[in-house]
Amino acid sequence: MHILKQKLMAVTKYIPPPRVAPPGAYPSQTKKVQEENPLMLLLKRNVKTVFQECKMIAVVQNNASNAEDMMLLKHRLHKHGITVKFFPNQVMQSFLNDSVYSSMAPLFIGPTVLFVSKEPKAREMLTTLRSSPQMTLLGACIDNTLLSAQGVVSYSKLPSVTVVQGEVVSGLTMLTSRTASMLQRHPAHLSALLQQYVKQQSSEGEPEAEEAT
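Residues numbered from 1 in each chain as written. Predicted model: local features only at pLDDT ≥ 70, side-chain atom pairs only at ≥ 80, totals over all residues. Heavy atoms only, no water.

**Structural notes on helix α3 (residues 67–78)**
Which entries qualify depends on this criterion: Put simply, DSSP H or I for four residues or longer makes a helix, DSSP E for two residues or longer makes a strand, and each gets a number counted from the N terminus. Each residue after the first adds 1.5 Å to the expected span of a helix. We call two residues in contact when some of their heavy atoms are within 4.5 Å. Counting of polar contacts relies on pairs of N or O atoms within 3.5 Å, with two restrictions inside protein: one atom must be capable of donating a hydrogen and the other of accepting it, and residues adjacent in sequence are counted only when both atoms are side-chain atoms.
The end-to-end C-alpha distance of α3, which contains twelve residues, comes to 16 Å, matching closely the 16 Å that a straight helix rising 1.5 Å per residue would cover. Check the buried side of α3 and you find it contacts β1 (56–62), β2 (83–85), β3 (112–117), α5 (122–129) and β4 (135–142). Between a side-chain oxygen at the N-terminus of α3 and the backbone nitrogen of Glu-68 the separation is 3.3 Å; the capping residue is Asn-66.

Written as structure tokens, this is what we have:
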């Protein structure tokens, strides 16, 4: 009778239903993948092309520059082979986060533009920016090296590759001329010493020949 009572109590025991969490209390287990629209993909390809073809990509903040000022700035930069590019920050951050240039992503906050050139033109860019106080340089990637605004200023003070090459060629030419001069000088000096020695020997031999006669 005792065993039957235990079984009956076990069968009739109240089991509360599981508590259901309110919607949004836990993150969804299925990850939502946001598909990029065709325009976003096209712009990202254009950004990729810019980073592949240009050795200088500078990020500049546009502080309420009007259309006329921007046109004048474009014209001044174009004289130095620098082009102004406009890309939405969302496009830039999407491209940078998946690339080796991810450290540049924090620069794209607020209205920004790109100053790009196929060769580094830091000195020319800084000189042009002096006439546009509403444009602020935030940083740049020059020769695959990320630089701050102060780093760009320091880079602009370095001598150009052409100047360095000229100094190296001038130094090598000077060393070559000195080497050639030394090579020519020592044989001539040695020849003069030998001629002097021969003269001394011949002059000493003449008195001996007279005494023998």
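**Section: the side chain of Ser-156**
Quick note on the threshold: Classification of residues uses two cut-offs on accessible area relative to the type maximum, computed with a 1.4 Å probe and protein chains only: under 20% is buried, over 50% is exposed, and between them is partly exposed.
Structurally, Ser-156 is set in helix α6 (residues 149–156). Overall, Ser-156 belongs to the buried group, its relative accessible area being 11%.

**Some points on the side chain of Thr-128**
Mapped onto the elements, Thr-128 comes out in helix α5. Of the polar contacts made by the side chain of Thr-128, one reaches the backbone oxygen of Glu-124; its length is 2.9 Å. Ignoring sequence-local partners within four residues, the contact set of Thr-128 consists of Leu-73, Arg-76, Leu-77 and His-80.

Just geometry here; none of it tells us what the structure is for.
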